[in-house]
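Each chain, written out:
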Amino acid sequence: MLLAGDVGGTKTLLGLFSAAIGRPVLVKAEAFATLEAPGLGGIVSRFLGPLQPVSIEAACFGVAGPVTGQRATLTNVPWAVEAVDIAEAFSIPSVTLLNDLHAMAYAVPVLSSDELLSLQQGRALPGGNAALIAAGTGLGEALLHWVDGRFVPSPTEGGHADYGPRTPAELGLLQQLTSAYGRAEWENVVSGPGLVNIHRFTHPHGCSACDPSIDPQHAPSIISRAALEHRCPQCGEALAMFVAAYGAEAGNLALHCLSTAGVYVGGGIAPKILPALQTPAFLDAFRSKGPMTSLLEAMPVSVILNEEAGLLGAAVFANQSAGHRKQEGRTPD
Ligand SMILES: [Zn+2]
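Conventions adopted
Residues numbered from 1 in each chain as written. Predicted model: local features only at pLDDT ≥ 70, side-chain atom pairs only at ≥ 80, totals over all residues. Heavy atoms only, no water. Donors = N, O, S within 2.8 Å, 3.2 Å for Na, K, Ca; no water. Tetrahedral: all angles 85-135°; square planar, octahedral: opposite > 155°, others 65-115°. Helix = DSSP H or I, 4+ residues; strand = E, 2+ residues; numbered from the N terminus. Buried < 20%, exposed > 50% of the residue type's maximum accessible area, 1.4 Å probe, protein only. Domains from an automatic or database assignment. Contact = heavy atoms within 4.5 Å. Buried area = accessible area lost by both parts, 1.4 Å probe. Pairing = 2+ DSSP bridges. Axes fitted to C-alpha atoms, helices over the stretch in contact; angles between N-to-C directions.

## Some remarks on the coordination of the zinc ion
Protein coordination at the zinc ion: the donors are H203 (NE2), C207 (SG), C232 (SG) and C235 (SG), at 2.1 to 2.4 Å from the metal. Taken together, the four donor atoms surrounding the zinc ion define angles of 100 to 124° at the centre, an arrangement classified as tetrahedral. Counting residues between consecutive donors of the zinc ion along the chain gives the motif H-x3-C-x24-C-x2-C. Placement of H203 in the loop between α5 (192–202) and α6 (219–228) and of C235 in helix α7 (residues 233–257) is noted, with a sequence separation of 32 residues between them. Each member of the pair, H203 as well as C235, is classed as buried.

If you want it as structure tokens, here you go:
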């Protein structure tokens, strides 16, 4: 059996998978409140408890935070995650911690067509790289390099790169963000909190449809609903600016990665705002890269509809990790 996890600041999703060639098969998944446990070991214990005895070949956890030396810390979570602690406590021969987007990238090659929604068909070039961008609580970006006949995912911290405005309205947003934060990064615009920032910018005199300060945790979905239901023009403007910025940064990532095999839009926000992503705003901003426009027009762009792609990716890594250890005595890259 394989153990996979997607460990976030508020929610931790664990899954037990049976190993398989290519895509491991989900046996059981369960969500836990991250802060209710004293550590990841406590959550794993609660998950595996009713299933004991179960022999785990390999485990992988995607963690919403930087991973250094198989140790990870999460923002707003008072405990760290150590791979060695999980390995010892549950007698698992191979335990790996990955950045959460790095883990999700492992899911990309095994997703089925009904888990994807095409925004731009394009023409995938055999042997090309792919890219993954995912807005949720933060903005994650990962690269999938095509090496020796397979995709090799690698993490980035691209969401923290400097925000680049393109229009007079976006320049105004930049000024507001630099006043508030000192500098502006993409995550300040393309993320749930980013949508709240844009909402503040488009509503200098308040919003008649919603008050995001009443329920900060759900503010992004409250704003996007007000926009999609046409209850406030400025909410509509905020969502349109969000979608255009998302497309622009997806295009930037595609240029950095030269992702001629495809660009994948993951994360929790995209499936909730599909009608907005399907307006021309996203692709116009994605493609609008001067001399590189035709290159970007040819790249397939898809939204990942499977909201548990992060968990699946961690399971794929654990699956490969178990397989490689048997065949080659090493873990994959
Ligand atoms: Zn409004």
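## Points about the domain arrangement of the protein chain
For the protein chain, the domain assignment lists domain 1 (2–106 + 308–329) and domain 2 (112–305). Here the C-alpha centre of domain 2 lies 27 Å away from the C-alpha centre of domain 1. The interface of domain 1 with domain 2 comprises nine residues on the first partner and 16 residues on the second. For the pair domain 1 and domain 2, the summed buried surface comes to about 950 Å²; carbon and sulfur atoms form 67% of the total. Sorting the residues of domain 1 by area buried against domain 2 places L101, H102 and A105 first, and these three jointly supply 47% of that buried surface.

## Let's talk about the sheet that holds strand β12 (residues 150–155)
Spatially, six strands are ordered β9-β14-β13-β10-β11-β12 in an open sheet, and the strand pairing comes out mixed. Of all the strands in the sheet, just β9 (116–120) and β12 have a single pairing partner and so form its edges. For this sheet, the mean angle separating the axes of adjacent strands, direction not counted, is 25°. Across three bridges, the pairing between strand β13 (residues 262–266) and strand β14 (residues 301–304) is parallel.

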